[in-house]
Amino acid sequence: MYGIRELNVAIELWGVAFCAVGIACVLIFVRSDLRYRRLLVAAFTMELLAADGDALAGMFRGQEGTLAWIAVHAGNPLTYIGNFALLTVLTVYLCTRIEDAGGSSYVYWQTTVISTAAIMCLFTLFGAFFYIDDANVYHRGDWQWVALAYSAIVSGVSALLVILNGKRLGRVALISMLFYSIAPLVASAIQIFVYGLNYTIVAGVLGLVAVLLEMQQHTSHILVERTEELARSRVEVAESRIAVMVSQIQPHFLFNTLDTIYGLVDEDKDKAQEAIASFSRYLRANLDSLKHTEPVPISREMEHVRTYLELERASDESRLEYEIDMQATGFKVPALSVQTLAENAVKHGLGGREKGGKVIVRTREQLNDFTVAVIDDGVGFDPDDIRSDGVGLENTRARISAMCGGEFEVHSELGVGTTALIRIPKDAGRPRS
């Protein structure tokens, strides 16, 4: 016939098994923050040691022999130390969750629990809370109430912190954390009056299972949020690319080009056909830019720039001269980036001059990078007051940095002109942080 001791040992061994499964689940299935995974593994490990120690002592209690003496004298201290360490780990876990949810870090409380737990472990080793008689039987000591009171106080404060931060933690976290805070508290109260079954071990295992389930739910919630955020960012990127494309087709440019083609139809059909072909290539290049999430070859971008400048020149040959000097190839730039600079040069640089001017677009290979320069002899501007229609120069700077790891700088002098310079490192493809 099995008695209380055998039942207690069986329960504790089941607790050991649950803790081992819990550790495996954390390592295999939980994909939360590494801090939480470490704390959960530590918590299950401490609970496993406490349950294993009490089970070991219970199996050999009252028996003779060296093995029995070692089991009882090692198992009982291990139970106390495991429980004190478990309370410490759970306190750090709880405070970390509260801080991550936007609450206080409770550093002083964590420090108090950690330091007090170390003292309690030392008291345990010096036999303050229990003693083992000559018959190798465990007995509660005169200071047993201190160990129970300590566990009750830590659990009670944890429960209070959970309640105070319930809105930040959320309903599921509130319930599970309140359970693992109150369950050991109730078990400690029962343990004061009832001797035989280790209720704190049972409460601890159940509390850890609740924590594990809540963390899994929390991780799943975070993954869903990140997936939704990624989907939103993809939509924003797509919308941004559309905005970039649309911003390049400025209404005045569109209407001027159509007016030019309309006028050429009667005056010079060959030039009208060339203008229509150029305009078609221009529109096609802008639409094709929507497909390019990566930088495009500089030769393709320069061809688009040439098409744009040719269309602008067709509107008024007397106002615009341009030169494309491409001495370096073999590198890539964000789609429409150089075209944006050329358009700014025409609109803001030469647009303010009554007689127009000249735009030079050239590429060079340097020792460590490739450069693209867009130069105009227009009115110039104050570099500290950069303004542009559409995506603007600042957006161009951001795209060059993010997509190519490159740099973008502007040098301008009022009444002299402007130079916009792109630098693409030869190890492009590794965006800068």
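Each value, and the rule that gives it
Residues numbered from 1 in each chain as written. Predicted model: local features only at pLDDT ≥ 70, side-chain atom pairs only at ≥ 80, totals over all residues. Heavy atoms only, no water. Axes fitted to C-alpha atoms, helices over the stretch in contact; angles between N-to-C directions. Helix = DSSP H or I, 4+ residues; strand = E, 2+ residues; numbered from the N terminus. Parallel < 35°, antiparallel > 145°, perpendicular 65-115°, else oblique. Left-handed = near helix turned anticlockwise from the far one by under 90°. Contact = heavy atoms within 4.5 Å. Nonpolar A, V, L, I, M, F, W, Y, C, P; charged D, E, K, R; others polar. Pairing = 2+ DSSP bridges. Core = buried A, V, L, I, M, F, W, Y, C linked by side-chain atoms within 4.5 Å. Buried < 20%, exposed > 50% of the residue type's maximum accessible area, 1.4 Å probe, protein only.

Q: I'd love a proper account of the packing of helix H11 (residues 298–315) against helix H12 (residues 337–350), names of residues and values included.
A: Contact geometry of H11 with H12 gives a least axis separation of 8 Å together with a crossing angle of 25 degrees. On the basis of their axis angle, the class for H11 and H12 is roughly parallel. Regarding H11 and H12, the two cross each other, and that crossing is right-handed. Residue-level inspection shows Ile298, Glu301, Met302, His304, Val305, Tyr308, Leu309 and Glu312 of H11 in contact with H12, the latter providing Ser337, Val338, Gln339, Ala342, Glu343 and Val346. Considering only residue class, the contact of H11 with H12 consists of eight nonpolar, three polar and three charged.

Q: Provide a residue-level description of the sheet that holds strand E6 (residues 357–365), including the pertinent values.
A: If you walk across this open sheet you meet the five strands as E4-E6-E7-E9-E8, and the pairing is mixed. The open sheet has two edge strands, strand E4 (320–326) and strand E8 (407–413), and neither has a second partner. If you compare each strand with its neighbour and ignore which way they point, the axes differ by 10 degrees on average. Of the pairings in the sheet, the one linking E4 to E6 comprises seven bridges and is parallel in character. Bridge pairing in E6 links isoleucine 324 to valine 361. The sheet strands contacting H11 are E4, E6 and strand E7 (369–376), and the helix crosses E4 at an angle near 165 degrees.

Q: Give me the lowdown on the nonpolar core, citing residues and values where you can.
A: With 48 residues, the main nonpolar core has Phe84, Tyr93, Tyr150 and Met177 as its most contacted residues. Counting residues per element, the ones that place at least two in this core are helix H1 (4–28), helix H2 (34–60), helix H3 (66–100), helix H4 (107–125), strand E1 (130–132), helix H5 (144–164), helix H7 (171–193) and helix H8 (199–248). Per-element tally for this core: the top contributor is H3, with twelve residues. Setting aside residues no more than four positions away along its own chain, tyrosine 93 makes contact with Tyr36, Leu39, Leu40, Met177, Tyr180, Val211, Glu214 and Met215. Counting residues in hydrophobic clusters, the runner-up holds 36 residues, among them Ala272, Ala275, Val305 and Ile422.

So far we have only geometry, and geometry alone does not tell us how the molecule works.
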